[in-house]
Every structure is written in structure tokens, then in C-alpha cells.
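# Chains, contacts and geometry: an overview
Residue-level listing of the chains:
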Amino acid sequence: MTATLSIFDARKLVLLSQWLPWVKPAGRAAEATLAAVRHLGYVQIDTISVIERAHHHTLWNRNRRYQPAHLEQLLRRKTIFEYWSHAAAYLPMEDYRFCLPRMRAIAGGERHWYAPDRAMMKKVLERIAAEGPLRAQDFQSAPRAKSAKAVKAAMWDSRPAKRALEQLFMEGKLMIPRRQGFNKLYDLTERVLPSAIDTKTPTQTEYARFLITRFLRANGLGRPAEIAYLRTGVKAIVERCAVQMAKRGELVPLQVKDRLYYALPTTLALLDRLLSRKRLKILSPFDNLLIQRERMRHLFDFDYQIECYLPANKRKHGYFCLPLLWDGKLVAKMDCKADRQTQTLIIRNLITEPPLTKPSHQTSAAEALTQELNHFATFNRCEKIKVGTLSDKGMQGLLKEVFG
């Protein structure tokens, strides 16, 4: 039997399942970071550094004791690893075997980015086997002359090796034991993967059950299309498996507005918990909560598209807008930049959504945003906050009263 869930309660389940606002796990700070990765199932890695990178930002929002060094510590301890979820991500090491279907498919001919160069892949493997972990830059030829043309040619020489490294990584023959700065070091999988890790490829049903339970545990409720998001060839088996699990009582069907969702039975107990609505959270565009645009439109009435990949003349709101979560709703987008030279967090734009149309709501939200901005500036290693010319003049005035 399908139960009806109000949009108010649906949002509550999603946010509490996402650990938003943040929870306070016991133990050391690095263990709390590991707990967050395990709970979320993955944390997307991104290179954009206009503010602190997305993987750090996402984890900081779940663990206020988070430090960027935690990820390197966890990689060295082999409790997390890098691979591909819907994008490049950190994943819990115990989930390694559930990456094997993708690895096997790519090794069997499924194309990821480009056609594999098997001869180059063989050379790369041989060199790493002999020399140990290497970066893509370590395969770059030294220029024979000092001319700009020679240097450029040497840089282009690294491309086949870099592609080979990425292909071997996607096939599971190489892993990334650590990074130097933001540069990946690649090593043979057998030298990185802990010996106790299960490496048996899951059956289709095992894989589908894993995807369903992982997604629902971290996201509260979901649809098969969301669970299979950006995964090739799994939507049909996920749909069949979800129906079977619901018949056995392992999933609860829920009607939210005009759509059918599923949830784990244990998740419904979250409805008895309080959701803190006074705190405001500044989210990364790549936060696990936000990554599926259609899901956010249906559940939160929030239409968001990141604009950093668009030409400047086509951006409506800003280069890197950060969604703001307050009162259980997504209420605004804020374009920020951390100026490291002046240690200033610059608010370049702020665009509010309908929940903030009332002046009284703006005053309360501005107070919550002011408090969170102080924490966010510290996280970004900034000592000052500067408010620019914002789209919402009411919020601009309220913030300038505090920050000038």
C-alpha cells in the first residue's frame, strides 16, 4: 500500500538523511569525516577553487571539525578511495566491489572518454610496476631545446600517457593512493587495495540492491531514475528490484505530490525528530543534496543550474553560485569568491527565491546568513567579508549593516 507524504515531511526526510544541518558524531574529527563519507556513499571531487573546493565544502557542512588534510589521512589509511560515482568522487573502501561492474564494462569496451591506446597502456603499466607511483607529469618528455615551440611539443607528448593512466584507472588496474597538491599519483591496484577487501563482482541483483539502499539511506527517499542517475544500463534492474523489495516490505512506497518514491522503513522514524530551521547552510553546487536538478525542482521547488561552465555573457546570476538552505527550504543563490591575497570573502551577488519575499523573512534569514558567513569565511581562510552590489537590495542593505 502506498502512503501519501506531504512535501513538508518529504523535505524533512531528505534533509535529515543528508545530515543537513550537520550532525555531531563522537570521536576524533577525522573519524567524523570518514563517517560522513560512509553515510553519504560518495563525495564528489571538483577542481574549481574560487572558494574552497567542493569535496572539502561538502564534508565541512557535515562535520564542523573537518580539515582538508582529513581526506589525505583517510586515503593513506585506505579507508576511502577515489573512483567514479556519477562523477569523480571519494568513496568508502568497503564499497570497492560495487565499482567492479563499471570497471569490467570499461575494460570490456564500454567507452568512458576516448578510445583506449592499449600499447601506451602497457608501457605505462610497466613503468609504474618498475618505478612505483607516478603522476601524469612524470611521463612528460623533457624538451631538447629551450624554445617555446619545443616546450609546447613536450607538453603535448604527455597526452597519450595521461589518457592511458585515466583508462587504466577506470578499468581498475590502477588506483590513486594519494595526491601531491591536486595532482594524482597512480599505482598498481594490487599495491593499494587492502588485502581484506572483497573483490568478487556483485550479481545484477546485488548491485541493484546496493544502489537502492545506499541512495535511500543518504537521501531519505528516491525514485529508480534518481537512483540510477548517470549510470549506464542499470535503470531497468533498479526498477524491478525496487518493486520486489517493496513487495517484501524492505521498501516503503510513498506518494509525494504526483510522483511515487521509495524509502527504507527505518527512515520514516526521522519524521519524529526535529529539523533545525533557524540555522542557514551555504551549500556547494556539487553537494550531494543538489546534484540532481529535476529532483530539486520537484521536492524543493528550486531550479538551479551552475553557470561557471557558461560564457560570461550568458550567466544570469554569477560564476559560482552557492545555494542557501534555511528554514528547511532552498531560499537563495549566492555568488562568492575567496580572495586569498587579501584574505577577503567577497559576496558578489545574492539572488533570493520566493520564500524570502517577505521583509520579516529577509530579516531572519539575514541574521542566520550573517552568522554562517562568519564560519564560512574562516573555513575559506578569510579574515574579512565584503558585500558587493547584490540583485536583492533588501538583503544587500541588511548584510552591509553588518559587514559594510
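Structure: above.
Let us look at the structure shown here. Remember, predicted model here, so these are calculated numbers, not experimental data. (Residues numbered from 1 in each chain as written. Predicted model: local features only at pLDDT ≥ 70, side-chain atom pairs only at ≥ 80, totals over all residues. Heavy atoms only, no water.)

### Quick word on the overall build of the protein chain
Stated formally: For the purposes of this entry, the term helix denotes a DSSP run of H or I that reaches at least four residues, the term strand denotes a run of E that reaches at least two, and both are numbered from the N terminus. Values of the radius of gyration come from C-alpha atoms, whereas the globule rule sets the reference at 2.2 Å times the count of residues to the power 0.38. When a residue's accessible area, from a 1.4 Å probe over protein chains only, is under 20% of the maximum for its type it is buried; when over 50% it is exposed; and in between it is partly exposed. In what follows, residue pairs with any heavy atoms lying within 4.5 Å of each other are defined as contacts. Using the Shrake-Rupley algorithm and a 1.4 Å probe, accessible areas are obtained, with residue cover drawn only from the displayed protein chains. By the counting scheme adopted, Arg and Lys are positive, Glu and Asp are negative, and His together with the chain ends is not counted. Note that the charge is assigned to NZ on lysines, CZ on arginines, CG on aspartates and CD on glutamates.
Secondary structure summary: the protein chain contains 14 helices and 13 strands in total. Its C-alpha atoms give the protein chain a radius of gyration of 23 Å, near enough to 22 Å, the size a compact globule of 404 residues would have. Dimensions of the protein chain, computed from C-alpha atoms along their principal axes, come out at roughly 65 × 60 × 45 Å. Counting only residues that meet the buried cut, the protein chain has 52% of its 404 residues in that class. Residue pairs at least 24 apart in sequence account for 66% of intrachain contacts in the protein chain once pairs closer than 6 positions are excluded. Summed over its atoms, the accessible surface of the protein chain is roughly 19200 Å², and 52% of this surface lies on carbon and sulfur atoms. For the protein chain, the distance from the average position of its 67 positive side-chain charges to the average position of its 39 negative side-chain charges is 2 Å.

### A closer look at the sheet that holds strand β3 (residues 80-84)
What counts is decided by this rule: Two strands make a pair as long as DSSP finds a minimum of two bridges between them. Lines are fitted to the C-alpha atoms to define the axes, a helix being fitted only along its stretch in contact, and any angle between axes, read from their N-to-C directions, falls within 0 to 180 degrees.
Spatial ordering of the open sheet is given by β2-β4-β3, a layout of three strands whose pairing is antiparallel. Two strands in the sheet have a free side with no partner beyond their single neighbour: β2 (43-44) and β3. Inspection of the sheet shows β3 paired to strand β4 (residues 88-92) by five bridges, in the antiparallel sense. Opposite glutamate 82, over in β4, you have tyrosine 90 as the bridge partner. On the sheet, helix α4 (residues 69-77) packs against β3 and β4 and is oriented at approximately 95 degrees with respect to β3.

### A closer look at the packing of aromatic side chains
We apply this condition: Only Phe, Tyr and Trp rings take part, Trp by its six-membered ring, and two of them pair if their centres are within 6.5 Å. Stacked means planes under 30 degrees apart, edge-to-face means over 60, and tilted covers everything else. We count a charge as sitting over a ring when the NZ of a lysine or the CZ of an arginine lies within 6 Å of the ring centre and within 35 degrees of the ring normal.
Counting across every chain of the model gives twelve aromatic pairs. Between the aromatic rings of tryptophan 113 and tyrosine 114, the centroid separation amounts to 6.3 Å while the plane-to-plane angle is 35 degrees, which identifies the pairing as tilted. For tryptophan 113, a relative accessible area of 42% puts it in the partly exposed group. Residue classification places tyrosine 114 among the buried positions, given a relative accessible area of 18%. Following the ring pairs from residue to residue traces out a cluster consisting of Trp60, Phe376 and Phe379. Against the face of phenylalanine 182 rests arginine 53, its NZ or CZ located 4.1 Å from the ring centre. The ring of phenylalanine 182 is capped by arginine 179, whose NZ or CZ atom sits 4.5 Å from the centre of that ring.

### As for the sheet that holds strand β7 (residues 252-256)
With respect to topology, three strands assemble into an open sheet ordered β1-β7-β8, the strand pairing being mixed. Every interior strand has two partners, whereas the edge strands, β1 (3-4) and β8 (259-263), have only one. Summarising the sheet, β1 and β7 pair through two bridges and their orientation is parallel. Across the sheet, residue threonine 4 finds its bridge partner in β7, namely glutamine 255.

### Quick notes on α4
Counted only if it meets this: Along the arc lie the directions from the helix axis toward the C-beta atoms.
Residues of α4 that are buried: His70, Leu71, Leu74 and Leu75. Viewed along the axis of α4, the buried residues span an arc of 135 degrees, placing them on a single side of the element. For α4, the elements touching its buried residues are α2 (29-40), α3 (54-60), β3, β4 and β5 (174-180).

### Some points on unusual backbone geometry
One non-glycine residue, lysine 78, lies in the positive phi region at around 65 degrees. The residue lysine 78 is located in the loop between α4 and β3 in this model. A positive phi angle, close to 55 degrees, is found at lysine 257, a residue other than glycine.

### Quick word on the side chain of arginine 11
How we decide: The term salt bridge refers to a side-chain nitrogen of Lys or Arg lying within 4 Å of a carboxyl oxygen of Asp or Glu. Pairs of N or O atoms are called polar contacts if they sit within 3.5 Å, as long as, within protein, a hydrogen donor faces a hydrogen acceptor (for residues adjacent in sequence, only side-chain-to-side-chain pairs).
Turning to its location among the elements, arginine 11 is positioned in helix α1 (residues 7-17). Although arginine 11 is buried, it forms no salt bridge, and the closest oppositely charged side chain is aspartate 301 at an N-O distance of 5.6 Å. Within the structure, arginine 11 has its side chain in polar contact with the backbone oxygen of leucine 299 (distance 2.7 Å). Aside from chain neighbours lying at most four places away, what touches arginine 11 is Leu299, Phe300, Asp301, Gly328 and Lys329.

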